[in-house]
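Letter by letter, the chains look like this.
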Amino acid sequence: MAVPHTIAVAGKGGVGKTTTCGMIIDYLCRAGKGPLLVVDADANSNLNEVLGVEAGTTLGDIREEMARAEMKGTIPSGMTKADYAEFKFNSALIEEDDFDMLVMGRTQGKGCYCYVNGVLKSQVDKYARNYNYIVMDNEAGLEHVARGTLPHVDTMLLISDCSRRGVQAVARIAEMIRDMELKPGRMGLIVNRAPGGVLDDGVREEIDRHGLELLGVLPQDDAVYRCDCAGEPSARLPESDPVKTALRGILQSLGL
């Protein structure tokens, strides 16, 4: 199978980034673009809730367990470190009908994780070739993109709310991407939660001032809010939902 197209979604907390990411995944699945590998690389992992799947063991949990086992010498006899790591990482893959999912999780322990991070990268590389798309939900720090844990990013989607401060925050992320020389194939901005799907002129001026490419605008949507309040997966809202309709148009314009 060919090298997968990698989509990374980034933005500060509270702007609807993960909800948007979940709807992107739903769109790709419905459009028959699979199979997909979904990677939740946000330390505040909740993409599984947006998608309506149970979260299993995180890779962060396994990374810490591996580091402790190496330090204490408790890796099972007859297994190399690489064998044990592959066994543990294989158990972390959540398999659904249309996509598989890896949850990075947060690392709480101390010490060097260089070896296990290397194994993690090799595992993702191994999985990647089985998929047409990789979709990664990032925290603002873009830790795993910066470390090269995942392949080159083909499409970087920056998510902001419809405030000037939100645009300023995402502009800093764009600057960080340039400083790290990540060089995604395409990088653009999606503005979320705009009343009536219309941006204020001041917000448009802020976008232009930072040289961001505006890919599209998603409207404020009470149905998304109700899903969040009820703990229901917003990615499963009807295709006629205003946010899903607007997002579908944006993704189609990107050739996705």
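Above: the structure in question.
This is a predicted model, so every value here is computed, not measured.

**Considering the overall build of the chain**
No. 1: The helix and strand inventory of the chain stands at 10 helices and eight strands.
No. 2: The C-alpha radius of gyration of the chain comes to 19 Å, within 12% of the 18 Å expected for a compact globule of 256 residues.
No. 3: Seen along its three principal axes, the alpha-carbon backbone of the chain occupies a region of about 65 × 40 × 35 Å.
No. 4: When each of the 256 residues of the chain is scored for burial, the buried share is 50%.
No. 5: For the chain, contacts bridging at least 24 residues in sequence account for 78% of all contacts bridging at least 6.
No. 6: For the chain, the exposed area adds up to about 12,100 Å²; of that, 46% sits on carbon and sulfur atoms.
No. 7: Across the chain, the mean location of the 28 positive side-chain charges is 4 Å away from that of the 37 negative side-chain charges.

**Observations concerning the sheet that holds strand β4 (residues 99-103)**
No. 1: Judged by pairing direction, the sheet is mixed, and its eight strands sit side by side in the order β3-β4-β2-β5-β1-β6-β7-β8 without closing on themselves. Of all strands in the sheet, those with a lone pairing partner are β3 (94-95) and β8 (214-219), marking the two edges.
No. 2: As defined by bridge partners, strand β2 (residues 36-41) adjoins β4 across five bridges and the pair is classed as parallel. Paired with Leu36 across the strands is Phe99, a residue of β4.

**Describing the pairing of β8**
No. 1: Of all six residues that make up β8, five are buried, and the element is covered over most of its length.
No. 2: In this structure, strand β7 (residues 186-194) lies alongside β8, joined through four bridges in parallel fashion. Counterpart to Val191 in the pairing with β8 is Val217.
No. 3: Viewed along the sheet, the connection from β7 through helix α8 (residues 201-209) into β8 turns out right-handed.

**Description of the pairing of β7**
No. 1: Inspection of the sheet shows strand β6 (residues 155-160) paired to β7 by six bridges, in the parallel sense. Within β7, the residue paired with Met156 across the bridge is Met187.
No. 2: This β-α-β element, β6 to helix α7 (residues 164-179) to β7, shows right-handed connectivity.

**Regarding the nonpolar core**
No. 1: One finds Leu37, Leu158, Ile207 and Leu212 to be the most contacted residues of the largest nonpolar core, which totals 43 residues.
No. 2: If one sorts the elements of this core by residue count, α7 sits on top with six residues.

**Focus: α7**
No. 1: Over its 16 residues, α7 extends 22 Å from the first C-alpha to the last, a length consistent with the 22 Å expected when each residue adds 1.5 Å.
No. 2: Packed against the buried residues of α7 are β1 (5-10), β6, β7 and α8.
No. 3: In the segment just after α7, Glu181 is the residue with positive phi, at about 55°.

**Let's talk about the packing of helix α1 (residues 17-30) against helix α10 (residues 242-253)**
No. 1: Between α1 and α10, the least distance of the axes is 10 Å, while the angle of their chain directions is 70°. Taken together, the axes of α1 and α10 are roughly perpendicular relative to one another. As α1 packs across α10, the resulting crossing turns out to be right-handed. For the pair α1 and α10, contact is made by Thr20, Met23, Ile24, Asp26, Tyr27 and Arg30 and by Val243, Lys244, Leu247, Arg248, Leu251 and Gln252, respectively.

Quick notes on the rules
Residues numbered from 1 in each chain as written. Predicted model: local features only at pLDDT ≥ 70, side-chain atom pairs only at ≥ 80, totals over all residues. Heavy atoms only, no water. Helix = DSSP H or I, 4+ residues; strand = E, 2+ residues; numbered from the N terminus. Rg over C-alpha atoms; globule rule 2.2 N^0.38 Å. Buried < 20%, exposed > 50% of the residue type's maximum accessible area, 1.4 Å probe, protein only. Contact = heavy atoms within 4.5 Å. Areas by Shrake-Rupley, 256 points an atom, 1.4 Å probe, with all protein chains shown as cover. Lys, Arg positive; Asp, Glu negative; His and termini not counted. Charge placed at Lys NZ, Arg CZ, Asp CG, Glu CD. Pairing = 2+ DSSP bridges. Right-handed = clockwise from strand over helix to strand, strands pointing away. Core = buried A, V, L, I, M, F, W, Y, C linked by side-chain atoms within 4.5 Å. Expected span 1.5 Å × (residues − 1). Axes fitted to C-alpha atoms, helices over the stretch in contact; angles between N-to-C directions. Parallel < 35°, antiparallel > 145°, perpendicular 65-115°, else oblique. Left-handed = near helix turned anticlockwise from the far one by under 90°.

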